[in-house]
Each structure stands twice: as structure tokens, then as C-alpha cells.
Amino acid sequence: MNVEKLLTEIIEKDGVAHLTLIDPDSQTAERSAEIAADATVGGTDAIMIGGSVGAGGSQLDQAVLAIKERTDLPTILFPSGVSGLSKHADAVFFMSLLNSRNVMYITTHQALGAPIIKRYGLEPIPMAYLLVFPGGTAAWIGDAKLIPREKPELAVAYALAAKYLGMRWIYLEAGSGVEKPVPTSLIKSVKEAIGDTKVIVGGGIKDSVTARKCAESGADAIVTGTVVEEGNVQPKIKEIVRAVKK
Ligand code: 1GP
């Protein structure tokens, strides 16, 4: 399975892909697998697995294995560092937190993780990770110089830099569980500037109206995580998927 190709084909066909983020540190492996199974029935396109704190080691391995038993959808790791790698997943968002102040999150974890990714046979998907205010736990961990919500030109500058560096995916992140997602004006400016480079938007998207606004502003993929941890996974995902797809 080539996960990047699959996601690209979904975006070409449906306009937008929906990704469900599961943090293995938030519940048992069995519950993570149940969420993945319900999200699959709800119509999500892929399962992202990761989290800022504690999503590593055997807990991560067990979650990935349990999830793979309950769904045939691609599993994509979303690591906060080198410890977020598991040989059981299909792919990994190979991301650099471009607006970090700390070189660890820009290139060091990447250098330490690359040989492991090769050994595990994971598919790396090159991605720029950009943290927009307020940024949540990810911003604290990643020592981010947050992009102000009212400064889309700064997001555009970083997104263009990512494109020119050869990254094919750009993740605009407001932070998991935050009150306000990435502003639609900022998504629009970024998408207009980078053209066919794919834009993923996540953080604080809790309902179908917000998800649709992000999609209409130019997001190629929408990520929801926290909303599925609160239960009622299948109907919630179904509603969001229906709102964002053509
Ligand atoms: C976090 O963007 C993701 O990295 C998802 O955010 O948990 O707020 O859906 P939520």
C-alpha cells in the first residue's frame, strides 16, 4: 500500500480527506481499536496515531496492532519525536516543526528517526508542521514560535519555504483540544500561495460546520482527534465526513 498515493487519490476524488487521530496515551489499546473501527464505519479515510506525551514504546505498538486488527484503513504515525515510531504502522508523517526554536524538533529527531524508519520499512510522508496560536501541548513540547492568528503572511512564508524545500504536505496545527481552530483566512492565504502542495488542518475542530469552513477555505485534509475520545464516534465522524466531502 502506498499511503501518500492513496490519500492523494481520495483528495482528487472527494475534494477533501478526513483523518482520525488516535492518541494511544489517552485510552487502552482496545478502546483505541474500537475508536478506529467506529471511525472506519463513519467514513474516515485513514487513522493517525500519536500524541505529544507518552505515545511511545510498547503502549504505541499495542495500540497500532490492535487498531490494525479492527480496520484495513492506512495507519499513519504522527510522532512528537523519535519515540513515536512503531514498526507495525504503514506510514509516518515525516515532519519538521519549522517554526520551532529548538533544532531538536526541526532536524535532530528526524536524523535519529530516519534509520529506524528505513529499518522498519515505514513509508515516510514529507510534511512541514506549523503551529498556529494557541498551539496546545504540542507548542509547549515543540518550543514553537507560534504563528499569530492575525498574521497569515507569516504562515504563508513558512508554507512557501516548506514547498521550496520539497515537502509535499503542510500541517496547520492549532493544538489538540483548543477552543479556536486555525482561522479560515489563514488557511485560505496558505492554500492560495502553495497551490498543489497539500494542506492538512487540525486542532480544535469539533463539529461539521467548522470542518466544512476549513475545507471550503482550502484544506485538503481535516484531522479530528479529541472529538472522538468523547464517545459517539460513528455518528460524529459520519457528520463531519459528509460535511467536508464533495
Ligand atoms: C492535534 O490536530 C490534531 O494534533 C487534532 O486536534 O484533538 O483538537 O481534534 P483535536
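What counts as what
- Residues numbered from 1 in each chain as written.
- Predicted model: local features only at pLDDT ≥ 70, side-chain atom pairs only at ≥ 80, totals over all residues.
- Heavy atoms only, no water.
- Salt bridge = Lys/Arg side-chain N within 4 Å of Asp/Glu carboxyl O.
- Helix = DSSP H or I, 4+ residues; strand = E, 2+ residues; numbered from the N terminus.
- Buried < 20%, exposed > 50% of the residue type's maximum accessible area, 1.4 Å probe, protein only.
- Axes fitted to C-alpha atoms, helices over the stretch in contact; angles between N-to-C directions.
- Left-handed = near helix turned anticlockwise from the far one by under 90°.
- Contact = heavy atoms within 4.5 Å.
- Nonpolar A, V, L, I, M, F, W, Y, C, P; charged D, E, K, R; others polar.
- Near = heavy atom within 4 Å.
- Polar contact = N/O pair within 3.5 Å; in protein donor to acceptor, adjacent residues only side chain to side chain.
- Pairing = 2+ DSSP bridges.

Draft legend 1. Representation of the pattern of salt bridges. Within the structure shown, the criterion is met by 10 salt bridges. One salt bridge in this structure joins glutamate 34 and arginine 31, with 2.8 Å as the shortest N-O distance. Here glutamate 34 and its partner arginine 31 are both found in helix α2 (residues 29–42), 3 residues apart, which amounts to about one turn of the helix. For glutamate 34, a relative accessible area of 35% corresponds to the partly exposed category. Here the residues in one salt-bridge network are Lys13, Asp14, Asp45 and Lys245, joined through shared partners.

Draft legend 2. Broad picture of the packing of α2 against helix α3 (residues 57–70). Packing of α2 against α3 leaves a shortest axis separation of 8 Å and a crossing angle of 35°. Crossing handedness for the pair α2 and α3: right-handed. Facing Ala29, Ser32, Ala33, Glu34, Ala36 and Ala37 of α2, the residues of α3 in contact are Gln62, Ala63, Ala66, Ile67 and Arg70. Partitioned by chemical class, the residues of the contact of α2 with α3 number 7 nonpolar, 2 polar and 2 charged.

Draft legend 3. Just the site of the ligand, in detail. With respect to spatial proximity, the complete set of residues near the ligand consists of Leu21, Phe78, Tyr171, Glu173, Ser176, Gly177, Gly202, Gly203, Gly204, Thr224, Gly225 and Thr226. A distance of 2.4 Å separates an oxygen atom of the ligand from a polar atom in the side chain of glutamate 173. A distance of 2.7 Å separates an oxygen atom of the ligand from a polar atom in the side chain of serine 176. By residue class, the composition of the shell around the ligand is 3 nonpolar, 8 polar and 1 charged.

Draft legend 4. Representation of the sheet that holds strand β1 (residues 17–22) in the model. Strand order in the closed barrel formed by 8 strands is β1-β2-β3-β4-β5-β6-β7-β8, with parallel pairing between adjacent strands. Strand-to-strand twist in this sheet, taken as the mean axis angle between neighbours without regard to direction, amounts to 30°. Bridge analysis of strand β2 (residues 46–49) against strand β3 (residues 75–77) gives 3 bridges, and the strand direction is parallel. By the bridge assignment, isoleucine 47 is partnered in β3 with threonine 75. Across the sheet, helix α6 (residues 152–164) is in contact with β5 (123–131) and β6 (169–173); its angle to β5 comes to roughly 160°.

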